[in-house]
Amino acid sequence: MRLSPLLRLLILTQLAFNVGFFAVLPFLSAHLGQTIGMAGWLVGFVLGLRTFSQQGLFVVGGALADRYGIRPVVLAGCALRIAGFGWLGYADSTATVIGAVLLIGFAAALFSPAVESEVVRQAVVWEEQGNGSRTRVLALFTVAGQAGAFVGPLLGGLLLSVDFQVVCLAGAGIFVLVLAGHAWLLPQHIPGRERVRAKGGVRALLRNRRFLALCCAYGAYLLAYNQLYLALPDEVERATGSQTALAWLFALSSLLVVTAQLPVTRLVGDRLALRRSMVAGMLLISAGFAVVALARPAGWTGAAGLLPAAGFVVLLTFGQMLVAPVARAWVPDLAEEGRLGLYTGALSSVSGLIVLVGSSLTGTLLDTGLPAAVPWLILAAVPLAAIAVLPRRA
């Protein structure tokens, strides 16, 4: 793929972001529950709050990127992420954890929609130049993110043997390097990107029913995907008595995306309409939850007990390969001219609100003592609900 220097920089940016982020996040749930002693519902709420302060406020970062350009927004977000990770490393109470988590999330709410909206805009330009479908560029963007998500947990797992505080400080250190690199390389002005006034954009967005339907469907997908950090650790703990295998399951997910995302996009994503691709992905995700639900009554433990969890990760990951790039590729067709940042941010903001509510409910669901298969069957229905609300036309 012949990419412009700007596209290459933005794709490498996503790689660096995720190395720093996923060095910390997979181990946060266990730290909150075991080290700080939070109840299950509170752990779920904090994780949902992190997602909401990130995805939920993407609309702010996207609007700021439309108004001021991506460079100042990206640099400010990196600075806040450094402060947030440093704070989390020393947080030892519910209040301080929540403060650090909010700062970490808001940092990403600044830099991520700025980068993502520009990648989407550049992907449309790439498509218009006759280079191929925009979904290929967005699939490569996903690959870069998952490569970072592959390296991050391995780095975090290695440092966790020392202390969770060291993990957080390492994540902050990575963002120090990202901040320095982007202060040097990111252009002051990007040709073709015009700054627009914020007034009136949100009103038009709220009247865009097809876009809001896409947001709701994507939110249901993100809630399902978020179970990698809530339901999956619980299942791994049940099967093996520890969370040691969790890092390997995260690595499996990331490795699958890195090696299979582009072939899947070429073989499936380019041949299916946008809506059909998302439907296929949601069905795979639902099947992943069903695999664990069917296996739970058997009560397998040890290596055999990890097989349903591995099946869940594989199906969820292949579903993600179909859903995530296509959802981003759909946004320019629904967005108002000049407000791609706002619409890209809103896609994540609505989904962040869904995850905030849904994660608290999921944390409660996992603590209620229901029959083993019931929580996973309920979670399997979430992607099916997403299919029902998808826009009818691509």
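Bear in mind the structure is a predicted one, so any value in this text is a computation, not a measurement.

A. Quick look at the layout of surface pockets. Looking at the second largest pocket, its volume works out to about 340 Å³. Around the second largest pocket, the lining is made up of 17 residues, and of these Phe27, Ala30, Leu160, Gln243 and Thr244 lie nearest the centre. Of all the elements in the fold, those that place two or more residues in the lining of the second largest pocket are helix H2 (28–35), helix H7 (134–160) and helix H12 (246–269). Per-element tally for the lining of the second largest pocket: the top contributor is H7, with 5 residues. Class assignment for the residues of the lining of the second largest pocket results in 10 nonpolar, 6 polar and 1 charged.

B. Summary view of the nonpolar core. Grouped together as the largest cluster of nonpolar side chains are 115 residues, with contacts concentrated most on Phe211, Tyr221, Leu228, Leu232, Met278 and Phe312. The greatest single-element share of this core, amounting to 14 residues, is contributed by helix H6 (residues 94–128). Apart from the residues within four sequence positions on either side, Leu228 is in contact with Pro233, Phe250, Phe312, Val313 and Leu316. Listed in part, the 6 residues of the second largest apolar core include Ala260, Val264, Met321 and Leu322.

C. Representation of empty space enclosed by the protein. Enumeration over the complete set of coordinates arrives at 4 cavities of 30 Å³ or more. By volume, the largest cavity amounts to about 600 Å³. In this structure, the largest cavity is lined by 32 residues; those nearest its centre are Gln14, Phe22, Gln54, Gln55 and Arg328. Of all the secondary-structure elements, those providing two or more residues to the lining of the largest cavity are helix H1 (5–22), helix H3 (40–56), H6, H7, helix H10 (209–225), helix H14 (302–334) and helix H15 (340–367). At 5 residues, H1 tops the list of elements feeding residues into the lining of the largest cavity. Residues belonging to the lining of the largest cavity are distributed by class as follows: 15 nonpolar, 13 polar and 4 charged.

D. Highlighting the pattern of salt bridges. Within this structure, the stated rule accounts for 7 salt bridges. One salt bridge in this structure joins Glu116 and Arg328, with 3.7 Å as the shortest N-O distance. Separated by 212 residues along the polypeptide, Glu116 in helix H6 and Arg328 in helix H14 bring together distant segments of the chain. A residue is classified by how much of its surface remains accessible, and Glu116, at 11% relative accessible area, is buried. Between Arg296 and Glu235 there is a salt bridge, with the nearest N and O atoms lying 3.0 Å from each other. Pair noted here: Arg296 is in the loop between helix H13 (274–295) and H14 and Glu235 is in helix H11 (residues 231–240), with a separation of 61 residues, a long-range link. In terms of burial, Arg296 and Glu235 fall into one category: buried. Through salt bridges that share partners, Glu127, Arg134 and Asp333 make up one connected network.

Calculation criteria
- Residues numbered from 1 in each chain as written.
- Predicted model: local features only at pLDDT ≥ 70, side-chain atom pairs only at ≥ 80, totals over all residues.
- Heavy atoms only, no water.
- 1 Å grid on protein atoms, 1.4 Å probe; cavity = no way out; pocket = protein on both sides within 12 Å on 5 of 7 lines; lining within 4 Å.
- Points joined across faces, edges and corners; volume = space filled by probe spheres on them.
- Helix = DSSP H or I, 4+ residues; strand = E, 2+ residues; numbered from the N terminus.
- Nonpolar A, V, L, I, M, F, W, Y, C, P; charged D, E, K, R; others polar.
- Core = buried A, V, L, I, M, F, W, Y, C linked by side-chain atoms within 4.5 Å.
- Buried < 20%, exposed > 50% of the residue type's maximum accessible area, 1.4 Å probe, protein only.
- Contact = heavy atoms within 4.5 Å.
- Salt bridge = Lys/Arg side-chain N within 4 Å of Asp/Glu carboxyl O.

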